Amino acid sequence: MFVVREMTEADLPAVLEIETACFGAPWTRGMFQDELRHSLSWLRVVVDENERLAGFIVARHYGEVWHVMDLAVAPSRCTLGLGGRLLDGLLGHTPRDVPVVLEVREGNTGAIALYRSRGFRDSGRRPHYYADTGEAALLMVYGPEMAW
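Being a predicted model, the structure only gives us computed values, none of them experimental.

(A) Examining the nonpolar core more closely. Counting residues in hydrophobic clusters, the biggest one holds 26 residues, and the most contacted among them are Tyr115 and Phe120. If you list the elements that add at least two residues to this core, you get β2 (41–47), β3 (53–62), β4 (65–73), α3 (82–93), β5 (100–105), α4 (109–117) and β7 (137–142). Broken down by element, the residue count for this core peaks at five residues, all from α3. In this view, phenylalanine 120 contacts Leu87, Leu91, Val100, Leu102, Tyr115, Met140, Val141 and Tyr142; residues no more than four positions away in its chain are not counted. Core analysis: the next-biggest nonpolar cluster, separate from the first, contains 15 residues, Met7, Ile18, Trp27 and Val58 among them.

Below you can see the structure in the form of structure tokens.
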């Protein structure tokens, strides 16, 4: 059984472990700490019955849009639907008339399939977006259409 709850400072060691396992250019501890302190950020973790962290999401409200900034699930737990639970939590939190946007690596077919399954649409492309590989980002939006 997994539970989604608010992220705390105490979660950061496990968050950083997952972040490093999932991304070539991982966020730093300071970046997560900044988001934890920011009043417009929404941070959640999913934990198992033993409080072992299995994934997390970081989003922020920017005026007229919500931006999914980071979403990751431990590689050993990727097939359990936890990314979808985290994303569903955010979509349930945001008003329907406010777009939710994100960037995803074009080659990350698993994440793209997850986002599309929740109603995100392709909205554009940013060439050479990811500094670690030079890969392009696919821009996706949920809710009302918006201009990037």
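(B) Representation of the packing of aromatic side chains within the structure. Enumeration over the complete set of coordinates arrives at five aromatic pairs. Relative to phenylalanine 32, the ring of tryptophan 27 has its centre 4.9 Å away and its plane inclined at 45°; by these criteria the two rings are tilted. Here tryptophan 27 falls in the buried class, since its relative accessible area comes to 15%. On the accessibility criterion, phenylalanine 32 (0% relative accessible area) is buried. Note on phenylalanine 32 and phenylalanine 56: the rings are 5.5 Å apart at their centroids and 85° apart in plane angle, and the pair reads as edge-to-face. One end of the pair, phenylalanine 32, is in helix α2 (residues 29–37); the other, phenylalanine 56, is in strand β3, with 24 residues separating them in the sequence. Judged by relative accessible area, phenylalanine 56 falls into the buried class, the value being 0%. What links up through ring pairs into an aromatic cluster is the set Trp27, Phe32 and Phe56. Arginine 105 extends its terminal NZ or CZ atom over the ring of tyrosine 130, reaching a point 4.1 Å from the ring centre.

(C) Representation of the pattern of salt bridges. Enumeration over the complete set of coordinates arrives at 13 salt bridges. A salt bridge links aspartate 11 to arginine 5, with the nearest nitrogen and oxygen atoms 2.8 Å apart. Under the relative-accessibility criterion, aspartate 11 is labelled buried at 8%. For arginine 5, a relative accessible area of 23% gives the class partly exposed. Its salt-bridge partner being arginine 118, residue aspartate 88 comes within 2.6 Å of it at the nearest N-O pair. Of this pair, aspartate 88 sits in helix α3 while arginine 118 is found in the loop between α4 and β6 (121–126), placing the two residues 30 residues apart along the sequence. Relative accessible area serves as the criterion here: at 36%, aspartate 88 is assigned to the partly exposed category. Sharing partners across several salt bridges, the network here consists of Arg5, Asp11 and Glu51.

Criteria and cut-off values
Residues numbered from 1 in each chain as written. Predicted model: local features only at pLDDT ≥ 70, side-chain atom pairs only at ≥ 80, totals over all residues. Heavy atoms only, no water. Core = buried A, V, L, I, M, F, W, Y, C linked by side-chain atoms within 4.5 Å. Buried < 20%, exposed > 50% of the residue type's maximum accessible area, 1.4 Å probe, protein only. Helix = DSSP H or I, 4+ residues; strand = E, 2+ residues; numbered from the N terminus. Contact = heavy atoms within 4.5 Å. Phe/Tyr/Trp six-rings, centres within 6.5 Å; stacked < 30°, edge-to-face > 60°. Lys NZ or Arg CZ within 6 Å of the ring centre and 35° of its normal. Salt bridge = Lys/Arg side-chain N within 4 Å of Asp/Glu carboxyl O.

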